[in-house]
Structure formats: structure tokens, C-alpha cells
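Coordinate analysis (summary)
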Amino acid sequence: PPPPRNVLAGCESSLLFCHPPSDDVLLPHSHLQPGINQPHLNPIHHLDFGRKWQLIHEHVTPNRFYWSVAGLDKEPDLIHMEAHTPDGNVQYVTCRAQTCTEANRNYPFPGYIDISSLVVQDDYIFIQVPTSGRATYYVSYKRDSFIQIKLPKYSLPKDLHIVSSDEKQVFAAVQEWNQNDTYNLYLSDTRGIFFTLAMENVKTTRGIGGNQMLDLYEVAGIKGMLIANKRQDNQVKTYITYNKGRDWRLLQAPATDLDGNDIHCILPFCSLHLQLHGSENPYVSGAISSKSSVPGIIVATGNIGPELSYNNVGMFITSDAGNSWRPIFEEEHNIWFLDKGGALVAVKQPSVSTRHLWVSFDEGRQWTQHSFSSVPLFVDGVLVEAGAQNQIMTFFGHFSHRSEWQLIKIDYKSIFSRKCTEEDYQTWHLHNQGEPCVMGQKQIFMKRRPGNYCMLGKDYSRILSAESCICRAHDFECDYGYERRSDGNCRASFWFNPSTVSRSCSQGQNYFNSTGYRKVVLNNCTKGVKDMYSARKQQCPNRPPKGLVLTSKDGKLTASMGSNVTFLVRLDEGDSMRTNIQLEFGDGTAVSYSNLSWTEEGIKHIYKSAGLFRVTALAENTLGYDTTTLFLHVTCPVEHVQLLAPFVIIRNKEVNISAVVLPSQSRTVTYFWWLGNNTEPVITLDGSISHTFTSEGVHTITVQVSAGSSILQDTRSLVVKEFFKSLLLSFSPNLDEFNPDIPEWRQDVGRVIKKVSDFPEEHLLVAVFPGVPTAAELFLVPNKNQSDDRKKCEEELEKASSVIVTALNQNLVEFELKPGVRVIVYNTQLTLAPLVDSSPRHSSSAMLMLLSVVFLGLAVFLIYKFKRKIPWINIYAEVNQEKEQEMIGSVGQSDSTPKITLSEFTTSKELMEKELDARVKSKCGDGRRWCSPSC
């Protein structure tokens, strides 16, 4: 069976759904994989008896799949479901059960929806859309396009649940921003779009399974009649309405108790209060019950007093639809309707064992006791079998808490003396405290005379006559945007503009202008004040556009580069058919439409580059214009971040540090810099920063790059000295053949050079550049305790430099890369050596000399960029054997250093971008999403 209508959250319906028109087709919900829920179609018929199963869709939200509704869905085997996409989003999907392939699936709502929000019920489909901060709800009426649900502007719902939708309108329970254990009850118009308040602070009850139950009960058999428990002034009281919440009143308590003693209970200080929560066990009656075949009879558990209580409760019954009540038991009982409501049977609650049941044929006035077991039984439930020929009750329970289940079948046909005839029926007039007009008509029902021991055998309840009444004020409720004041009249809320005309209203057409009232749905009154309260037909005015709103379809301000972004344009006021719409996407492209109707499905656009774009919408007609702006962040995944920083720098000299992000992005990346011992980062939107280090030693810098939901990090170490010497190195060409151009290889080569240089390693730092031809930079640095005697230390470094240069010029520095492969290290410098030489070594030297021009030119450019005075730059370095260093260089220390005047060489940042670009392009065939640094 479906879950109770008033269950708010956490309810679990059956895992096996029969197809309504075909009982041999089932839709089960299986759990084939951990954490994955999959619905399957199971055509069960006499040939395979469930041996064949067909998968419909994977990753479907539990209990969020529905069969088609007859008369609304075109295909009888259509399935509505809430499915999860591979990237974790949720969509509303429909397809036919037998052909639910990807090509045959439809998506009635084009955007994503919130999980567990899809409800397909009667004429309506409801969904909730994920938005930041506020919940947004949409409804489709009779399978039309989805339209946003309109609640009062400042209801600000935290939670919304559909209570019912079977009477041509929707009852919704809304927990607003200032509520915790209560909900407000709202009623919609016929289309389920515009909701108005019916009752505030309706109480909720938590069930055994943790389900939140709304204390609201729809009386069966009488439309428009509801009973609700309302919290007011820290008390909970029971109210009843006969016109769908337009008017509420307290319940009049019984005049006497079971012993005939008078009960002094005067309204509004004392009244009858009922427990309205339904039963989570379908085989017990619950705290309140009624039946459409016997309209007007309601049986409920309750108490008499100033407020609802769960102590000293009894059972009460009404035979005239809540106008008067009588006590029937002093203890709680489960009560069922027998013989289509012709008789009542009562059994004590399961907490008390019993051998007896009580039966009443006069609407609870008198009860006869019958024994159904020789041993007292704890009755856990009763199944009353339906059918005109079956009069069977099945009791199930246990004799003790340790005993097995016991089943007892009772054929209650013998308690009836005969079948009912026409003389056994009487008329009954529905009324509300003597008022015969209920929901705009006078209704007369036929039902069996109380006390007649005859069997109905069929559902005999029927309306004998229904005569329309003259319309009066209580037949109309306040329209959307209006509130009922203390004088009973409806006035516009402070946030509502009554002069607002729908944007679909075009010049030359007509619209219905609300008077502040709307007729209660399904109310059948005629004439009277109907014309005075009904909306008036007026001609659409010509007006300028106003209230232009621009949003993305998913409500987000971010989008992925290359994806289809859909923009929605909404106009609160204005003639949509005579208003031009122009949308500028911020990337140099724009579209325009002659009227707003062309934009109803959204305006789609694909951004081909990442960045921050200003999207502007303009609505204009002959009377004026309105404009609005949206700033959209278009991002693409950051795959790599590389720090660009010099390796050795001078103390108290400003140094520029930058980060290269691939794929490159503009204005959509945030940089977090940790410099030295700083505990708090410096945050920038630019990929470069300047900093001055005031102490010698090794300093660590870290940059984190935040783009969208991803964060990448790179860390480097800098050596800070008062002064240093550096030499630019090159290698014999055979080294290039074995250069894989990866950081680890460069780190190992640098370490080897330090060893073969025959110089104390604590005074040497070597950085090998990325790329080929292979080149490096060698740094001579003083010990920390030598920096105080600068002149002496400079002389020692000069001597050491001369020794190393001499060794390099004489080709005395070499190392064995692998057996048979020896690599010579050269000092790269400008000389007058011949460009062409017959010997292989001279030929290599000539080539290295040409390459030195390129590297020295690169150094000159970076001297200018980084304000340095040393004529060399290095891009990759190593401080120690445990930490590799990328993007390093040197900063000059004195004006006496010779200057080189070469220009227009590639900068270090451009060199690194080219190197990273080469890496990226090398990955284009391996299935990665990005293959170009221009992303």
C-alpha cells in the first residue's frame, strides 16, 4: 500500500509496485551493488513466472520511481524516476519500461533537481531545484511545462512536503524559517502554482520509525472537511474546517460521559481534542479513522480539556460529521469498519491481551461482546477481507511475548440476521453547526438506520441530492498575495503589488484582475456575491518592462568551459509579446529576440575560453527599458601549477615570484602564498607577487591555486645570501640524447656536477635547466659565518671561480653518464673562437658557443625583469638531495659585474610555459580532457 498521505519525511513505500492496469507486471527496486539502487522491470506472467528481468535504469533514488497515471501519460508503461548522473547530480527521467535505452529516455525538466524531491501524484509532478541558500520548487500540472511554485514571499521554507493532491488542488506542509516542530498548511489553486495560508503552526508527531507525521486528517467521504492540531500559546488544540481551511473552529466536547454524568466544558476554554496521527502498521486502525462508504462517522482517540493530552484518553465517535461527539470507551481501542461500514468492531490495543471483541450496529451507541479465543491474545493486527461475498476477519497476534504467531479467522456473517432492504435506509443531511450549505451546496446522503442488524453487502453510500447554494463570503478564500485581516476582509500583503499584471498579458488581450479573493476549490455555490468576489476581466495595459531577472538555469554562477550554459530571462512586469530582449554574453557575442516568448526554453551559449564574464540582459519596448547583469565564472580544470622563482637571491633585495597555471585561466584563479615563516597566506588574484627576504638561509615558499572545486599546490626553496658568484654551464651534445627532461633526472645530473667539480659541496649549488640543449648554472656561495668578512670572502670566491673556470675551459670537468658515455662540462661564455673547426671537439665548442648566446640573452632579459645585476638566470635548481627545485635563478649583487647588452630573448616565464606546453601536448592522445595551455 502507499504510505499515509500525511507522512512528511523518511517514509518507505513498498519495494514492489504492481502496474495499475496490468497486475502481471511488477516494478521492484533491487540493491544489486553496495550503495547503488536500481529499479528493474519484472514482467511476470504464466510463461516465465518472474524468470526474466529487464534492467530499466541504474542509480535511481530509492522510492522515487512511479508508474504512469492513466489519462495523463500517453504510454501506459511509462515510468517516472529520479536518476543519478555519473558526476553526482540528479535528473528527472521518463521512459517506457520495455525500451528504456539512452536514446529513448526523456528529461521533462532540463536542469538538475534535488535528491529525493521527485513526487508524481495525481495531476501533478513536483520537484525541488538546488539553489544556494533558498529552496525553489516547481510543479507540472497535467504534464505541462514546469512552473515555479509561488509561496508568500517571506515564507522562506526550510522544508516542504505534499500532503495531498486528490481534490483538484494541492495541500502542502511548509516548515518556515522560524519553525522547528510545527508546519504551516498551504492550499494551492487548481494548477498547484499559487499557494495561500490555510493554518499556521500545525503540530507534528514523530512516529516509531522516526517519521515526522503532520497532525492533519482529511475526513473520508466529505470533501473539504479536515481536522488539524494547532500549536498556539504553548498549547495544542484540535480544530475542524468544512471549507478546506477557509474557517476553523474548536470541537464541542460531549455533553455527558459514559455513565451519563454531565461534562461541564465550555468553549473556548475547554473542548474536545483528538490524536490525529495515522498508524504505521496497516493492520491496526490508528488514532482516528473514517470511511467514505459511511460519511459522517468518525472514530478517534482523544481527551477533553483545555489542550491536547496523551494522558487520561478515551475513544470518541461522531455520527454527524463532527458537529457532536459521544464517548464510547474509556481505554484506547483499535476500531474497524465491517460490512462496508454497516458495523463497527473494536479490540483493545496490542499492549493488553484479550479474548473478546465488541461489535456495534448503531454507530457506537451500544456494543455487544463476542469471544474469539479461549486464551487471551495480544492482538497485533486485524485483516478485514474485502468483497461482497466475504465476511472474514483474520486476527493475528501472540499469547505471550515468547510464543509463536497465532492466526484466528472469524466469519462474522452470522451476526447479521438478513440483508438490508430499502426500509433499512434513511436520509442524512450534512451540515456545519446547523448551516446546511457546506462547500457551496446542500448534500443529502443515504445510509443504514442505526440498530438494524442487516447486511449491506455492497458499498451503498451515495449522495441522494446535492443542491447548489447562493454564494456567500465564506465560500471565498484570500487570493495569492492577500491576507485576511481582523475584520474578515482580504487585504494585499505589504510585499505584494496588486497592480502587477502577468507578463503574458499582451496589448489587445484581456486578463482577470484579482479582487483579493478566490473561490474555494470544488465549491459549488452560484450567484450571490460570486461576481463581487470573482476576478474581473480587464484589458491588458501597455506598460514598460520592469523587474527583469537574469539567472542561469541551474542557479549557479559558475560553468565549465566548453559546456552548454543556459540563461533564463524573466520579466515581472511588462508586455512579453511586445518587448525586445537582448543578451550580451560578455565574450564579444550577443543575441536578440523580438519578444520574451522565444526565451522560455532558455538561451544557450558555449564559452570557448575561461574567465570572468559580464552577462547583460536588456528588455526594451516603446515605453521604456530595464536591464540586469550577471557575472559568470567560466573555469576549466587546473591540471598543473608551477612556481617561477630564482634559486639564489640577495638579502634585502626585492624578488618577483610567479606561478604558471596550466591550462591558463584569466581572473578565475585565486592564489594563496606562504612566504618564509609566515603563518597566514597572502591572497592575490594575480599569478605573481614581490617579496623581500631579510635573513640569510634557505627559505621555503608555497603557492596554492584555487580554481572551482580544485586546489593545487607547489613548493620551492630559495637560498638567500649577501653575495655569491655564478657560472653558466653547457655540456657535450651527447648528453642531450639521454635527457628525458624530467625533474628527477635534472636533480641527479646537478648532484653529479657538484661531485666532479672538485670543490667543497657546501659552497656549490647547481641548477640544471629544463629542455634541450642541456644547460645549467653553478653557484658559488659563502659559508654563513663568512658573510661578515665580505671582502675576504669575495676574494676567496673569486679565486675559486677562476679555478673552476680554468678547469672548465681545459675540459677537465667531466663525468660518466653510463658505461661508454662520458660527458664534458663547459663554461658558457662569449669568445673569439672560430665558428668552424675540423676537429669534433671544436665543432662541439662552436655549437655550444652559439647556444651560449641564447642562454646569455635569456639571462639579460631576466636581469631586467627581476632587477638583477648578475648576467645569468637559472630556471631549475636543487637545494639538497631531498627536495627538487623548479624555476630558479640568480639575483646580482654588485654594479661591478660586467653587463651584456643582448636583448629580445625569451623570458623565464615564457620558457617555462613553452616547456609545460610541450608536456601538455604530449598528453593529447592519452585521454585527458585538456590538450592545450590556452584552456
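Everything numeric in this text was worked out from a predicted model, so none of it was measured. (Residues numbered from 1 in each chain as written. Predicted model: local features only at pLDDT ≥ 70, side-chain atom pairs only at ≥ 80, totals over all residues. Heavy atoms only, no water.)

Moving on, we get to the sheet that holds strand β27 (residues 333–338). Pairing is antiparallel in the open sheet, where four strands are placed in the order β27-β28-β29-β30. Strand pairing shows two members of the sheet lacking a second neighbour, β27 and β30 (368–371), which therefore form its edges. Taken over all neighbouring pairs, the strand axes of this sheet differ in orientation by 30° on average, direction set aside. Bridge count for strand β29 (residues 356–360) against β30 is four bridges, and the pairing is antiparallel. (Pairing = 2+ DSSP bridges. Helix = DSSP H or I, 4+ residues; strand = E, 2+ residues; numbered from the N terminus. Axes fitted to C-alpha atoms, helices over the stretch in contact; angles between N-to-C directions.)

What UniProt calls "domain: PKD" (unreviewed entry) maps, in this numbering, to residues 574–628 and 669–706. In this annotation, residues 669–706 is assigned 0% helix and 63% strand; the end-to-end C-alpha distance for the span is 6 Å. (UniProt positions renumbered as here; feature names shortened; annotations may be inferred.)

What follows concerns the packing of aromatic side chains. Taken as a whole and assessed by the stated rule, the structure comprises 25 aromatic pairs. Look at Y124 and F126: their rings are 5.8 Å apart centre to centre, the planes differ by 25°, and that puts the pair in the stacked class. Across this residue pair, the class does not change: Y124 and F126 are buried. Where Y154 meets F494, the ring centres are 5.6 Å apart and the plane angle is 5°; that geometry is what we call stacked. Linking Y154 in the loop between β12 (147–148) and β13 (157–164) with F494 in the loop between β42 (490–492) and β43 (510–513), this pair joins segments that are 340 residues apart in sequence. Taken together, F194, Y480, Y482, W495 and F496 form an aromatic cluster joined through their ring pairs. For K447, the ring lying beneath its charged end belongs to W428, and the centroid distance is 4.9 Å. (Phe/Tyr/Trp six-rings, centres within 6.5 Å; stacked < 30°, edge-to-face > 60°. Buried < 20%, exposed > 50% of the residue type's maximum accessible area, 1.4 Å probe, protein only. Lys NZ or Arg CZ within 6 Å of the ring centre and 35° of its normal.)

Across residues other than glycine, the phi torsion is negative in most instances, and most of the peptide bonds are trans. For the bond from L267 to P268, the omega torsion is 0°, close enough to zero to count as cis. When you line up the elements, P268 lands in the loop between β21 (249–250) and β22 (271–274). Even without glycine at this site, S116 takes up a positive phi of about 60°. Position of S116 among the secondary structure elements: in the loop between β8 (90–96) and β9 (119–121).

What follows deals with the sheet that holds strand β51 (residues 603–606). Spatially, β46-β48-β51 is the arrangement adopted by the three strands of the open sheet, whose pairing is antiparallel. Each edge of the open sheet is held by one strand with a lone partner, namely β46 (546–552) and β51. Averaged over all pairs of adjacent strands, the angle between their axes in this sheet comes to 25°, without regard to strand direction. By the bridge criterion, six bridges tie β46 to strand β48 (residues 564–573) in an arrangement that is antiparallel. Bridging from a neighbouring strand, S552 pairs with F567 of β48.

Within soluble globular proteins, side chains that are nonpolar tend to cluster in buried spots. If you look at the biggest cluster of nonpolar residues, it comprises 28 residues, and the most contacted ones within it are F109, L118, F126 and I127. If you list the elements that add at least two residues to this core, you get β8, β9, β10 (124–129), β11 (136–141), β13 and β14 (171–176). Here the element with the most residues in this core is β10; it accounts for five residues. Here I127 is in contact with F109, I113, S117, L118, T136, Y137, Y138 and F146, once residues within four sequence places are set aside. (Core = buried A, V, L, I, M, F, W, Y, C linked by side-chain atoms within 4.5 Å. Contact = heavy atoms within 4.5 Å.)

A few words on the pattern of salt bridges. Applying the stated criterion across every chain yields a total of 21 salt bridges. A salt bridge links E435 to R472; its shortest N-O distance comes to 2.8 Å. Highlighted residues: E435 in the loop between β35 (425–429) and β36 (437–438) and R472 in the loop between β39 (462–468) and β40 (476–478), separated in sequence by 37 residues. For K725, the salt bridge identified is with E798, shortest N-O distance 2.7 Å. Highlighted residues: K725 in strand β62 (residues 725–731) and E798 in helix α3 (residues 790–809), separated in sequence by 73 residues. (Salt bridge = Lys/Arg side-chain N within 4 Å of Asp/Glu carboxyl O.)

Below, the discussion takes up the environment of L250. With respect to the helices and strands, L250 occurs in strand β21. Accessibility expressed as a relative area gives 12% for L250, which makes it buried. Considering only alpha carbons, one finds L250 and T238, 12 residues apart in sequence, at a separation of 6.1 Å. Leaving out residues up to four positions away in the same chain, L250 has contacts with K237, T238, Y239, L267, P268 and S271.

Next up on the list: helix α2 (residues 743–756). With 14 residues, α2 should cover 20 Å at 1.5 Å per step; its first-to-last C-alpha distance of 20 Å lies within 8% of that length. Of the positions making up α2, those classed as buried are P743, W745, R746, Q747, V749, G750, R751, I753 and K754. (Expected span 1.5 Å × (residues − 1).)

Let's shift gears to α3. Given 3.6 residues to a turn, an α-helix orients residues that are three or four positions apart in the same direction. Here α3 contains 20 residues, and its C-alpha end-to-end distance of 28 Å stays within 8% of the 28 Å for a straight helix at 1.5 Å per residue. For α3, the complete set of buried residues consists of C793, L797, A800, S801, I804, V805, A807 and L808. Here the buried residues of α3 occupy an arc of 155° about the axis, which is enough to place them on one side. Of the exposed residues in α3, the ones pointing more than 90 degrees away from its buried face are K791, K799 and V803. On its buried face, α3 sits against β62, β63 (764–768), β64 (775–780) and β66 (821–827). Once α3 ends, the next one or two residues include N811, with phi positive near 60°. (Arc of directions from axis to C-beta.)

Mapped onto the elements of the fold, L612 is located in strand β52 (residues 611–621). Owing to a relative accessible area of 25%, L612 belongs among the partly exposed residues under this scheme. On a C-alpha basis, the gap between L612 and H633 in space is 4.7 Å, while along the polypeptide they are 21 residues apart.

The next subject is the state of the cysteines. Taken as a whole and judged by the stated rule, the model has six disulfides. The disulfide partner of C95 is C100, and the S-S distance across this bridge is 1.9 Å. Taking the sign of the torsion about the S-S bond as the criterion, the disulfide between C95 and C100, at about -90°, is left-handed. The class for C100 is buried, based on a relative accessible area of 7%. The partner cysteine of C478 in its disulfide is C490, sulfur to sulfur 2.0 Å. (Disulfide = S-S within 2.5 Å.)

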